[in-house]
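Okay, here's what each chain looks like letter by letter:
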Amino acid sequence: MSPANLLEAPLDDLLAAARERRRGDGLVTYSPKVFVPLTMLCRDVCGYCTFARPPRRGERAYLTEEEALVIARAGAAAGCTEALFTLGDKPEHRYKVAREELRELGCATTIEYLARVAQLVLDEMGLLPHLNPGVMTRAELELLRPVSASMGIMLETTAARLAERGGPHWASPDKLPERRLETIELAGELRIPFTSGILIGIGETRAERLEALEALAELHRRHGHLQEVIVQNFRAKPGTRMAGHPEPSLDDHLWTIAAARLLLPEDVSVQAPPNLAYGDFPRLLDAGIDDWGGVSPVTIDHVNPEAPWPECDRLAEATRSRGLELAARLPVYPSFLDSDWLAPQVLTQALRSSDSLGLAREDGWHPGEAGAVPFAVARDVLPLDTAAELGEEELVRLFRARGEERQRVFAAADRLRREVCGDEVTYVVTRNIQYTNVCYFRCGFCAFSKGKLAANLRGAPYLVPLAEIVRRCREAWARGATEVCLQGGIHPAFTGDYYAEVVAAIRAELPELHIHAFSALELWQGAATLGVPLENYLERLRGLGLGSLPGTAAEILDDEVRALICPDKVSTAQWLVVHEAAHRVGLHSNVTIMFGHVESPRPWARHLLSAREQQQRSGGFTELVPLPFVHMEAPIWLKGKARSGPTFGETLLLHAVARLALHPHITNIQASWVKLGPAGVAAALAAGVNDLGGTLMNESISRSAGSEHGQEMSPEEMEALIRASDRIPRQRTTLYENVPAERRAASFGAPPLAEPLNPHVRDARLQAPPRLVRPGLLAGAANRR
């Protein structure tokens, strides 16, 4: 819509058009912030401002570092992710006390001190600084960029006449429009995520407002750096030169917001401060805003101290009243969460504070950590209608669900689980055996493997002797196990014969123990090292006693994600080839998905669709096992390149959406008690889950990554957990059959395990043996089926 049309259009038509152009994800965001007023001195004397004031006897010109940290600490404790530094423009140019105090602090300028304090808050509190120090030079922007997630300056207006004598910007050199536009332009050239805005009702015309919005739109078209544009309404404040100036009406404010939404590029958010609309703030949504701005649970709005922010519950209620959901965000928007826009330390903290959408994490829950869950799955919620088969776009939408819609997704999954599986919850008595942690692959998420290519992580490299593997199997059988699960690193000395020897030894000793063993990577490597077709190799293993395959090494079945987390591992196609071949020779397997690191909901959807399509072709998958990323000791997280695992809401959604997406092809959805803990499992049981996997006896991989949920959940504990959710426990075999009564009886009251033997590998050399080939070169071996 052209500016001329905007000036003439009826308000209702304008508002409707703006709402239509609002971001289409159904979310309205806000930033949980703590306000750090580093200095309230300013060389400008704007006619409407009560934030800036002259020095007062006995008061410091600047907050001390400790004072700033105290404020930031309170914000962090209240769940804030943003430290908003607002301060006056270059007070040292006007006030001697500012110059003297800066000299005592060892700084030449306010900007230099701001950089120091922002770095301190980032280092010690992990809050992301958003900096508003006013007009800046290129050098000043460059100084602040390494310590800021974003910066901002209100353009306010392009009407230079407002800086003339008697105007609101008179005697305020930093409010000249050309100076502020220059700062915004420089920020774009330096690729700094930026916020700007206009201030309405200070004497400008509507045409001048549109001119300012067009100037901002053009700057964004050139540089792509504007995250949001604020449309702020003037409020008259006692004690200022403009105390008697008329305020813009609500309709005038709504008109301007709508005009901003229609003039600005679609990837620029439009924000209006809710506190300045007082009780009418919900109506701002009617003009197309998609962001409420920063809202603090601990500090006042120092720029507008007379206008307290509405509490988040009121914001959420108002947002829901328009059919939208409130979502917390970071001070840097999702599209700027990469190294092109953020300095390394800031990007690390932003990733660790973010969820799969690039917004702020909803909660402090992390997979593998002990503690309470942040919310319960609601009962008596109307389930979402998901009768039709779900495609990629539908799945992505479900994964983005929040609030009531998310609860409806859980309800739909739980209803479908009840229809398909009843109220039984199954589990298997099994023993995990990780026979070596030596691996020459470089999976960024793995805290288990050891060797030259692994990070300096927990434990020493080991290789379990074959006799010890058999002993552990014998011990597991005595404790009621029906299954042994074997996996390990890719030891450079292993060939396909090693895996065959392990299977044969166990089968010879314990012919009735089901052998659930070897990831797709191990099997692919095993076939390739022997130079035999994959299907022939699988037939050999099956003949020796292999019963089924675990679905590990799937991670995320999306090669763009795999290139980031496991670049030298089997590809998506190769993983699927292994499992299709296994199904063809009569071996069942499962599917895992390891999520919550670098990926977004779209790869989750693609993963589920790949599993569903493969199941339709070969029919051998027994269950899907979601494995939330345990981040604490993972190399990719320690290097600052991954999120801190999925949120609790994302974790439950993955289980619930998997139930809906895979029906009726894969009917068992498993929850990992090692990752979720008992409280998380109880919630998952209300969101589509019908299986809790194995008792494990030994578990090394999640524990190496930092999980605190132990190595074994006994049948007694497993069944108590299931019954506590008003469900019926059933001990199963690997293939979901009932276990013999003798096996079930042996599993209860089992004696403690003997200490396992994990001999140190003194010479775990990682050079590949002559016959070892990396997966990217193995297509020929795999295709000879």
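See the structure above.
Residues numbered from 1 in each chain as written. Predicted model: local features only at pLDDT ≥ 70, side-chain atom pairs only at ≥ 80, totals over all residues. Heavy atoms only, no water.

Draft legend 1. Representation of helix α16 (residues 520-530). Most of α16 is tucked away: eleven of the eleven residues are buried. When we look at burial in α16, the residues that qualify are Ala520, Leu521, Glu522, Leu523, Trp524, Gln525, Gly526, Ala527, Ala528, Thr529 and Leu530. Downstream of α16 by one or two residues, Gly531 has phi in the positive range, about 70 degrees. (Buried < 20%, exposed > 50% of the residue type's maximum accessible area, 1.4 Å probe, protein only. Helix = DSSP H or I, 4+ residues; strand = E, 2+ residues; numbered from the N terminus.)

Draft legend 2. Structural context of the pairing of strand β11 (residues 430-434). By the criterion of burial, β11 is predominantly enclosed, with five of the five residues buried. Bridge count for β11 against strand β12 (residues 483-487) is five bridges, and the pairing is parallel. Residue pairing for β12: Ile433 is matched across the bridge by Leu486. (Pairing = 2+ DSSP bridges.)

Draft legend 3. Seen up close, the side chain of His597. Along the chain, His597 falls in the loop between β15 (588-595) and α20 (601-618). Engagement of the side chain of His597 in a polar contact is seen with the backbone oxygen of Met594, the distance being 2.7 Å. (Polar contact = N/O pair within 3.5 Å; in protein donor to acceptor, adjacent residues only side chain to side chain.)

Draft legend 4. How the structure looks around the side chain of Ser296. Residue placement: Ser296 occurs in the loop between β8 (291-295) and α10 (312-320). A polar atom in the side chain of Ser296 sits 2.8 Å from the backbone oxygen of Lys33. Among the polar contacts made by the side chain of Ser296, one reaches the main-chain amide nitrogen of Val298 at a distance of 3.1 Å. Setting aside chain neighbours within four positions, we find Ser296 in contact with Lys33, Val34 and Trp309. (Contact = heavy atoms within 4.5 Å.)

Draft legend 5. Looking closely at the sheet that holds strand β16 (residues 621-628). Taken in spatial order, the six strands line up as β11-β12-β13-β14-β15-β16 in an open sheet, and their pairing is parallel. The open sheet is flanked by β11 and β16, the only strands paired with a single partner. On average, each strand axis in the sheet is inclined to that of its neighbour by 25 degrees, with strand direction left out of account. Relative to strand β13 (residues 514-517), β12 runs parallel, the two sharing four bridges. Bridged to Val484 within β13 is Ile515. Running over the sheet, α20 touches β15 and β16 and is turned about 175 degrees from β15. (Axes fitted to C-alpha atoms, helices over the stretch in contact; angles between N-to-C directions.)

Draft legend 6. Geometry of the nonpolar core. One finds Ile469, Leu486, Trp575 and Leu692 to be the most contacted residues of the largest nonpolar core, which totals 123 residues. Among the elements that take part in this core, helix α22 (residues 648-662) stands out by supplying ten residues, more than any other. Among all residues touching Ile469, those that are not within four sequence positions of it are Ile433, Tyr435, Val464, Leu486, Tyr498, Val502 and Ile506. Counting 106 residues, the second-largest nonpolar core is a separate cluster that includes Ala61, Ala115, Ile198 and Ala318. (Core = buried A, V, L, I, M, F, W, Y, C linked by side-chain atoms within 4.5 Å.)

Draft legend 7. Representation of the packing of helix α7 (residues 177-189) against helix α8 (residues 206-223) in the model. Two numbers describe how α7 lies on α8: the axes approach to 9 Å, and their chain directions differ by 20 degrees. Taken as axis vectors, α7 and α8 run roughly parallel relative to one another. Both α7 and α8 take part in a crossing whose hand is right-handed. Residues Leu181, Ile184, Glu185, Gly188 and Glu189 of α7 touch α8, and the partners they reach there are Ala215, Leu216, Leu219, Arg222 and His223. Along the lines of polarity and charge, the residues of the contact of α7 with α8 split into five nonpolar, two polar and three charged. (Parallel < 35°, antiparallel > 145°, perpendicular 65-115°, else oblique. Left-handed = near helix turned anticlockwise from the far one by under 90°. Nonpolar A, V, L, I, M, F, W, Y, C, P; charged D, E, K, R; others polar.)

Draft legend 8. Expanded view of the packing of aromatic side chains. Summed over the entire model, instances satisfying the criterion amount to 16 aromatic pairs. Relative to Trp341, the ring of Phe336 lies with its centre 4.8 Å away and its plane at 80 degrees, an arrangement referred to as edge-to-face. Measuring from ring centre to ring centre gives 3.9 Å for Phe494 and Tyr498, while their planes differ by 10 degrees; the resulting arrangement is stacked. Note on Tyr498: relative accessible area 16%, which makes it buried. Lying across the ring of Tyr736, Arg732 places its NZ or CZ 4.1 Å from the centre. (Phe/Tyr/Trp six-rings, centres within 6.5 Å; stacked < 30°, edge-to-face > 60°. Lys NZ or Arg CZ within 6 Å of the ring centre and 35° of its normal.)

Draft legend 9. Highlighting the pairing of strand β9 (residues 325-328). Neither face of β9 is open: one carries Glu325 and Ala327, the other Leu326 and Ala328, and all of them are buried. Judged from the four bridges that link them, strand β1 (residues 27-39) and β9 form a sheet pairing that is parallel. Its bridge partner being in β9, Leu27 is matched across the sheet by Glu325.

Draft legend 10. Quick peek at the environment of Leu69. Tracing the backbone through its elements, the reader meets Leu69 in helix α3 (residues 65-77). Separated by 55 residues in sequence, Leu69 and Glu124 have C-alpha atoms that sit 8.2 Å apart. Each residue touching Leu69, except ones within four places of it in the same chain, is listed here: Leu120, Val121, Glu124 and Met125.

Draft legend 11. Summary view of the environment of Ala61. Structurally, Ala61 can be placed in the loop between β1 and α3. Separated by 36 residues in sequence, Ala61 and Val97 place their C-alpha atoms 6.9 Å apart. When neighbours within four sequence positions are excluded, Ala61 is seen to be in contact with Leu38, Thr39, Met40, Leu41, Val97, Ala98 and Glu101.

Draft legend 12. Fine view of empty space enclosed by the protein. Tallied over the full model, the rule gives five cavities of 30 Å³ or more. Approximately 70 Å³ is the volume found for the second largest cavity. As for the second largest cavity, its lining consists of Asp355, Ser356, Leu357, Glu362, Phe399, Arg400, Ala401, Arg402, Arg406, Thr647, Glu650 and Leu653. Counted by class, the lining of the second largest cavity contains four nonpolar, two polar and six charged residues. (1 Å grid on protein atoms, 1.4 Å probe; cavity = no way out; pocket = protein on both sides within 12 Å on 5 of 7 lines; lining within 4 Å. Points joined across faces, edges and corners; volume = space filled by probe spheres on them.)

Draft legend 13. A look at the sheet that holds strand β10 (residues 424-428). Pairing in this open sheet of three strands is parallel, and the strands run β17-β10-β18 from one edge to the other. Two strands close off the open sheet at either side, each with one partner strand: β17 (691-694) and β18 (728-732). On average, each strand axis in the sheet is inclined to that of its neighbour by 20 degrees, with strand direction left out of account. Pairing between β10 and β17: two bridges, direction parallel.

Draft legend 14. A look at the packing of helix α2 (residues 11-21) against helix α9 (residues 250-263). α9 packs onto α2 with a crossing angle of 45 degrees between their chain directions and a minimal axis gap of 9 Å. On the basis of the axis angle, α2 is oblique to α9. The handedness of the crossing between α2 and α9 is left-handed. Residue-level contacts link Leu11, Leu14, Leu15, Ala17, Ala18 and Arg21 of α2 to Asp251, Leu254, Trp255, Ala258, Arg261 and Leu262 of α9. For the contact of α2 with α9, the per-class residue count stands at nine nonpolar, no polar and three charged.

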